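# Results of the structural survey
Next come the chains, spelled out residue by residue.
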Amino acid sequence: DEYYATSQQTVSNKAQLLDKESTVVGEGEFDVKFTPKWIEKTGVSSDSGSTGYYDPTNRTITWTITANHMGATLNNVVITDVLPSGLTLKSANWQAWTGSAWDTETSITPNANGEYAIGNINSKILLTIVTNVPDEAYTTGRKTYSNSASIKWDGLSGLGLGTGTINVGVGYNAIS
């Protein structure tokens, strides 16, 4: 139950040293605290490399969401990811973990509320969202796009469990 919880958990373990008559001659107990990881998110800009030439057009941000790290059986999974203002959806795909590799990508489209209906799962999943960044005239400076995601499923109360805010900078710094 602690392994599949949604908040910090504490598990205790006690060891005893017994003599040959099974009398306790020493004992120790230790608590381990952990928080199950249900969802995490990263973002990478397509302009993060250094090629010697910066093109402020045709840029993208790839948002990667990994969920259900424990491989729990979850019904009617929905991942919510509302795109920041200015970004537009280019593509979205999700994959299940087979135990040794990611399975074949399945294209998915969110509803108007940014909800991706995954369905029933029993493994870790990967949702990859590629967004188009608005084209700009050639200028220096970086713009930061902030985004977050959350997961919910049948039986989970509340709005779901979230990633917190993830920031990705797009642009070109002439000097640092």
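Refer to the preceding data block for the structure.
Described below are features of the structure shown in this document. The structure displayed is predicted, hence computed values, not measured ones.

## Here we look at the packing of aromatic side chains
Inspection of every chain in the model, using the stated rule, returns two aromatic pairs. Judged by centre distance (4.8 Å) and plane angle (40 degrees), the rings of tryptophan 38 and tryptophan 153 are tilted. Of the two residues, tryptophan 38 is situated in the loop between strand E2 (24–34) and strand E3 (39–45) and tryptophan 153 in the loop between strand E11 (150–152) and strand E12 (161–162); the sequence distance between them amounts to 115 residues. Assigned by exposure class, tryptophan 38 and tryptophan 153 land together as buried. Look at tryptophan 97 and tryptophan 102: their rings are 5.0 Å apart centre to centre, the planes differ by 70 degrees, and that puts the pair in the edge-to-face class. On the accessibility criterion, tryptophan 97 (28% relative accessible area) is partly exposed. The exposure class assigned to tryptophan 102 is partly exposed, which follows from its relative accessible area of 29%.

## Regarding the sheet that holds strand E5 (residues 74–80)
By way of backbone hydrogen bonds, the strands of a sheet pair with one another, either parallel or antiparallel. Strand order in the open sheet formed by four strands is E8-E5-E11-E12, and the pairing between neighbours is antiparallel. Either end of the sheet is taken by a strand with one partner, and the two such strands are strand E8 (115–121) and E12.

Conventions adopted
Residues numbered from 1 in each chain as written. Predicted model: local features only at pLDDT ≥ 70, side-chain atom pairs only at ≥ 80, totals over all residues. Heavy atoms only, no water. Phe/Tyr/Trp six-rings, centres within 6.5 Å; stacked < 30°, edge-to-face > 60°. Helix = DSSP H or I, 4+ residues; strand = E, 2+ residues; numbered from the N terminus. Buried < 20%, exposed > 50% of the residue type's maximum accessible area, 1.4 Å probe, protein only. Pairing = 2+ DSSP bridges.

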